[in-house]
Amino acid sequence: MKQQKNWAGNLMYQAKHWYEPRNVEEIQQIVKEATHVRVVGSRHSFNDIADSDDTILSLGNLNRVLDFNQEKQTVTIEGGLRYGELSSFLEERGFALPNLASLPHISVAGACATATHGSGDHNQCLSSSVRAMKVVIANGEIVEFSQDKNREEWQGAAVHLGALGVIIELTLAVIPSYQVSQYVYEHLPFAQLAGHLDEIFSSAYSVSLFTDWKQSVINQVWLKQLSDDKTSVRSELYGALPAKANAHPIQGIESMNCTEQMGVDGPWFDRLPHFRLDFMPSSGSELQSEYLIPRQYAMESLQVIREMRALISPLLHVNEIRSVAKDDFWLSPSYQQDVIGIHFTWKDNWQAVQQVLPQIEAALEPLQARPHWGKVFTMPKERVQSFYERLPEFRQLLVEHDSAGKFRNAFINHYIF
């Protein structure tokens, strides 16, 4: 078998067997026969959360929409469908999702399994749109988890890190389609954040701040505004001025692969992500880390990172700061608390980055920073586990459906068990 890599190329999967099944029956057969199984989606995880010492399933062939119920406002999809294709399907029928991540290239199942998120003070992680899922568990049988049938169990299963089984179907709630206008403001003085952070993050439906910490400024503020709400369109933003042309979050990169800006109205799926589906997202050659921090420590955490800028900036493509609303999913970093996400897009230099991460994690430790499950981090397992009060119940949920640990791997054993 030819060894496979993740999207960024920083990880070589170690599995002995790599399958790309064409249907559910094949999945069931493979799962029954395998010793250990993990599933990859679009391979946008930067750590070994999806790796396996035995078998990996890639669900790229299971990428259909199975059902659309306009009356109930739900859509049911297969486990390999990406957000880009789902968005086009929904838009053609006049429907939408409430939020998207920064790129539409990722698989829906993989993003929801890791509590991946977009931005917005009132926008929860992407898992919050899911209402039910069908899963092939360790013995090859199909089990359904549903918010309607057992809400408590659902709160444990929604963010499952791939440890419950193979997600073959997801049912998501949808809403009527909407238009979004995107505005970019440049050179926000860092000093303005201290008094106006909450106002800035509440000034649009979705807000992202970008900086490389080379100067005491936030390089860009991206405001994604609902087109029927023009109240917050402004000539300046606490000293930041409107960009004169479309911008890329990373300084020096052409904006052609970014979604339309300059206040031009467009459909939700072509404005909420930063990057267009038909182009390479972000830089391409990169590593990513992210830390989710309780909202009350937002300003303090940014000051901590700013004080470390001499250490961080030479290794950084860009830092993105976003807000995420609280949810009730046991393993979500935003479980029962609003958070701020500090996202690092690093240059592809793992040797240097892994020296810096422990220093960032130590500096943010008093502020309860928890790592994104799918990004690179070096935090000790005891520290990671301490953030999740429902972890014992999550372990029990896994044991219930997979007593032999067929869907565990080194990552799950280390950080969960």
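Above this text is the structure in question.
Residues numbered from 1 in each chain as written. Predicted model: local features only at pLDDT ≥ 70, side-chain atom pairs only at ≥ 80, totals over all residues. Heavy atoms only, no water.

Caption draft 1: Geometry of the environment of V339. Mapping V339 onto the fold places it in strand β18 (residues 339-347). For the pair V339 and G80, spaced 259 residues apart in the sequence, the C-alpha separation amounts to 29 Å. Once you skip the residues sitting within four places of it in the chain, V339 turns out to touch L292, I293, P294, R295, R322, S323, V324, P333 and S334. (Helix = DSSP H or I, 4+ residues; strand = E, 2+ residues; numbered from the N terminus. Contact = heavy atoms within 4.5 Å.)

Caption draft 2: Here's a closer look at the sheet that holds strand β1 (residues 17-19). Ordered by their spatial adjacency, three strands build an open sheet running β1-β3-β2, and the pairing between neighbours is parallel. At either margin of the open sheet sits one strand with a lone partner, and together these are β1 and β2 (37-40). Direction aside, the axes of adjacent strands within the sheet are offset by 25° on average. As defined by bridge partners, β1 adjoins strand β3 (residues 55-58) across three bridges and the pair is classed as parallel. Paired with H17 across the two strands is T55, which belongs to β3. Packed onto the sheet, helix α1 (residues 24-33) meets β1, β2 and β3 and runs at close to 170° relative to β3. (Pairing = 2+ DSSP bridges. Axes fitted to C-alpha atoms, helices over the stretch in contact; angles between N-to-C directions.)

Caption draft 3: The arrangement of the pairing of strand β11 (residues 179-189) in detail. Direction of pairing for β11 relative to strand β15 (residues 266-267): antiparallel, over a ladder of two bridges. The partner of Q179 across the bridge, within β15, is P267. In this structure, β11 lies alongside strand β14 (residues 241-242), joined through two bridges in antiparallel fashion. Considered in β14, the bridge of Y185 is made with P242.

Caption draft 4: Region of interest: the sheet that holds strand β4 (residues 65-69). As summarised here, the arrangement of the five strands in space is β4-β5-β9-β7-β8, forming an open sheet in which the pairing is antiparallel. Taken across any chain shown, the strands that pair with only one partner, and hence form the sheet edges, are β4 and β8 (142-146). Going from strand to strand, the sheet's axes swing by 15° on average, the running direction of each strand aside. Alignment of β4 against strand β5 (residues 74-78), held across four bridges, turns out to be antiparallel. The residue bridging D67 from the neighbouring strand is T76, located in β5. On the sheet, α1 packs against β7 (130-136), β8 and β9 (166-173) and is oriented at approximately 135° with respect to β9.

Honestly, that's just the spatial picture; any functional story needs more than this.
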